[in-house]
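Residues per chain, in single letters:
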Amino acid sequence: MSTLSSIMPEIEAAMTGLNVLLEAGDRAGALQGLNEVTNRAVRLHRPDIEVACHFLPARTVSLSICRIPATPRPGRPIAIFLPGLGASLLLAAVHALALAEHFDVVVCSLPGHSGSEESSDVSLGGFADEFAALIASALPRARNLFVIGQSIGGLIALELARRCPDQIRDVVLLDPPFRLTRERPAKVLRQIWMFTGCQPYQGRICQEIMGFDPVSGAVLPPRDYHALVRGPFNCLLLAGSSPPGRIPSFVEEEDIAAVRAINPAILVGARTHAGGHTMLADDPRGVIAELTRFLRPEAAAV
């Protein structure tokens, strides 16, 4: 039986071919290939689900998204999933399959990732503006949206919820790095940047949002994003642990104390012991168990 790891060479070759098509301006051909390779990866885990990838206009750029499943299910709540730095749309879609039991999921690539165009405004606010415009054009009548953000995607999710108060009801944070200039997160994110090809645009994200230079590893003055949890939305914070072989959680106990002081209504779930920083990839069952408690407020952890 094939596994995702067993077909990774084929996937990587297919993604290289997609980049060639994009560079040649053949977005239709790239989109067809993206749908084929993403569905192949998804069917290894969920043969009953078909997904649909799209390139859609946002505020100033075109963004790549993946709908899970391809055809919306009436009455099902919609969750927008924002992954972290360096995450491909394909792998983000595979990880987001765990959310499909509760939601129709719209997986959004960050600008400059997986066929999404690069934004001139590299900031949390700039990225949130792009996703807000995407919601306005692709989901204009949607209400009570969930936004689920992993790593830096969680920080963008908080900014996005501020921009769409009439549409976004709940924000779920999966191990967001509230203090990006701490030594360990900066070191890990620099390694991710190097592993994914030292891409200049992702280097700009490291510098302008995260506050460190991935080339030299130099850390800039501290950047503190705890205050983003204050807003007109319900918020759940889920953090990982430090299991062997995983990237350790970026959420310290002092982060939890800080966000509770800023937003006493925030819900904090139990740490997932099998998951590290990349929680949805490491421990999807643990994430869904805590998320289910959030969806039943009377049982939620406080």
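Remember, predicted model here, so these are calculated numbers, not experimental data.

Rules of the game
Residues numbered from 1 in each chain as written. Predicted model: local features only at pLDDT ≥ 70, side-chain atom pairs only at ≥ 80, totals over all residues. Heavy atoms only, no water. Helix = DSSP H or I, 4+ residues; strand = E, 2+ residues; numbered from the N terminus. Rg over C-alpha atoms; globule rule 2.2 N^0.38 Å. Buried < 20%, exposed > 50% of the residue type's maximum accessible area, 1.4 Å probe, protein only. Contact = heavy atoms within 4.5 Å. Areas by Shrake-Rupley, 256 points an atom, 1.4 Å probe, with all protein chains shown as cover. Salt bridge = Lys/Arg side-chain N within 4 Å of Asp/Glu carboxyl O. Disulfide = S-S within 2.5 Å. Phe/Tyr/Trp six-rings, centres within 6.5 Å; stacked < 30°, edge-to-face > 60°. Lys NZ or Arg CZ within 6 Å of the ring centre and 35° of its normal. Expected span 1.5 Å × (residues − 1). Pairing = 2+ DSSP bridges. Right-handed = clockwise from strand over helix to strand, strands pointing away. Lys, Arg positive; Asp, Glu negative; His and termini not counted. Axes fitted to C-alpha atoms, helices over the stretch in contact; angles between N-to-C directions. Parallel < 35°, antiparallel > 145°, perpendicular 65-115°, else oblique. Left-handed = near helix turned anticlockwise from the far one by under 90°. Nonpolar A, V, L, I, M, F, W, Y, C, P; charged D, E, K, R; others polar. pLDDT = per-residue confidence, 0-100.

### Observations concerning the overall build of the chain
Working step 1: A count of helical and extended segments in the chain gives 10 helices and 8 strands.
Working step 2: Taken over C-alpha atoms, the radius of gyration comes to 18 Å for the chain, in line with the 19 Å a tight globule of 302 residues would show.
Working step 3: Dimensions of the chain along its principal axes, counting C-alpha atoms only, are 50 × 50 × 40 Å.
Working step 4: The buried share of the chain, reckoned over its 302 residues, is 53%.
Working step 5: Summarising the internal contacts of the chain: among those between residues at least 6 apart in sequence, 72% fall at separations of at least 24.
Working step 6: Accessible surface, the chain as shown: approximately 12,900 Å² in total, 54% of it carbon and sulfur.

### Remarks on the pattern of salt bridges
Working step 1: Counted according to the given criterion, the structure contains 12 salt bridges.
Working step 2: The shortest N-O distance in the salt bridge between Arg46 and Asp48 comes to 2.7 Å.
Working step 3: When the shortest N-O distance is used, the salt bridge between Arg73 and Asp104 registers 2.6 Å. One end of the pair, Arg73, is in the loop between strand 2 (62-68) and strand 3 (78-82); the other, Asp104, is in strand 4 (residues 104-108), with 31 residues separating them in the sequence.
Working step 4: Under the relative-accessibility criterion, Arg73 is labelled partly exposed at 27%.
Working step 5: Among the residues examined, Asp104 registers a relative accessible area of 3% and is labelled buried.
Working step 6: Several salt bridges share partner residues, and in doing so they unite Arg46, Asp48 and Glu101 into one network.

### As for the state of the cysteines
Working step 1: Summed over the entire model, instances satisfying the criterion amount to 0 disulfides.
Working step 2: Here Cys53 stays free of any disulfide, with the sulfur of Cys66 as its closest cysteine sulfur at 3.9 Å.
Working step 3: Of the residues examined, Cys53 reaches a relative accessible area of 2% and is grouped as buried.
Working step 4: Since its relative accessible area comes to 0%, Cys66 is described here as buried.

### Some thoughts on the packing of aromatic side chains
Working step 1: Per the counting criterion, the structure on display carries 1 aromatic pair.
Working step 2: Seen in terms of ring centroids, Phe103 and Phe146 are 4.9 Å apart; in terms of plane orientation they differ by 55°. Their pairing is tilted. Here Phe146 lies in strand 5 (residues 145-150) and Phe103 lies in the loop between helix 3 (89-96) and strand 4, a separation of 43 residues in the sequence.
Working step 3: On the basis of relative accessible area, Phe146 is assigned to the buried category, the value being 4%.
Working step 4: Seen from the ring of Phe55, Arg27 lies directly overhead, with NZ or CZ sitting 4.3 Å from the centre.

### Things to note about helix 2 (residues 27-45)
Each α-helix turn comprises 3.6 residues. Residues three or four places apart therefore point the same way.
Working step 1: Here helix 2 spans 27 Å end to end across 19 residues, near enough to the 27 Å set by a 1.5 Å rise per residue.
Working step 2: Where helix 2 is concerned, the buried positions are Ala30, Gly33, Leu34, Asn35, Val37, Thr38, Asn39, Ala41 and Val42.
Working step 3: Looking at the buried positions of helix 2, the neighbouring elements they touch are helix 1 (8-23), strand 1 (52-57), strand 2 and helix 3.

### Concerning the pairing of strand 7 (residues 234-238)
Working step 1: In terms of burial, strand 7 is a largely internal element, 4 of the 5 residues being buried.
Working step 2: In the sheet, strand 6 (residues 168-174) pairs with strand 7 via 5 bridges, with the strands oriented parallel. Within strand 7, the position partnered with Leu173 by the bridge is Leu237.
Working step 3: Where strand 7 and strand 8 (residues 267-268) come together, 2 bridges link them in parallel fashion. Paired with Leu236 across the bridge in strand 8 is Leu267.
Working step 4: In this view, the connection linking strand 7 to its parallel neighbour strand 8 by way of helix 8 (residues 253-262) has right-handed handedness.

### Some points on the side chain of Asp175
Working step 1: Inspection of the secondary structure puts Asp175 in the loop between strand 6 and helix 6 (183-195).
Working step 2: Buried and unpaired, Asp175 has no salt bridge, with Arg271 as the nearest side chain of opposite charge at 5.0 Å.
Working step 3: Beyond its immediate stretch of four places on either side in the chain, Asp175 contacts Ser151, Leu238, Ala239, Gly240, Ser249, Phe250, Val251, His277 and Met279.

### Some words on helix 5 (residues 152-163)
Working step 1: Between the first and last C-alpha of helix 5 there are 17 Å, a value that for 12 residues agrees with the 16 Å anticipated at 1.5 Å per step.
Working step 2: Those residues of helix 5 not exposed but buried are Ile152, Gly153, Gly154, Leu155, Ile156, Ala157, Leu158, Glu159, Leu160 and Ala161.

### A word on the packing of helix 2 against helix 3
Working step 1: At a minimum axis separation of 9 Å, helix 2 and helix 3 run at an interaxial angle of 30°. In terms of orientation, helix 2 lies roughly parallel with respect to helix 3. With respect to the hand of their crossing, helix 2 and helix 3 are arranged in right-handed fashion. From helix 2, Leu34, Val37, Thr38, Ala41, Val42 and His45 reach across to helix 3, where they touch Leu89, Leu90, Ala93 and Val94.
Working step 2: In terms of residue class, the contact of helix 2 with helix 3 is built from 8 nonpolar, 2 polar and no charged.

### Some thoughts on the confidence of the model for the chain
Working step 1: Chain-level pLDDT for the chain is 89 on average; 96% of the residues reach the 70-or-more range.
Working step 2: Taken together, the stretch residues 298-302 has pLDDT below 50 and engages in 11 contacts with residues farther than four places along the chain or on a different chain.

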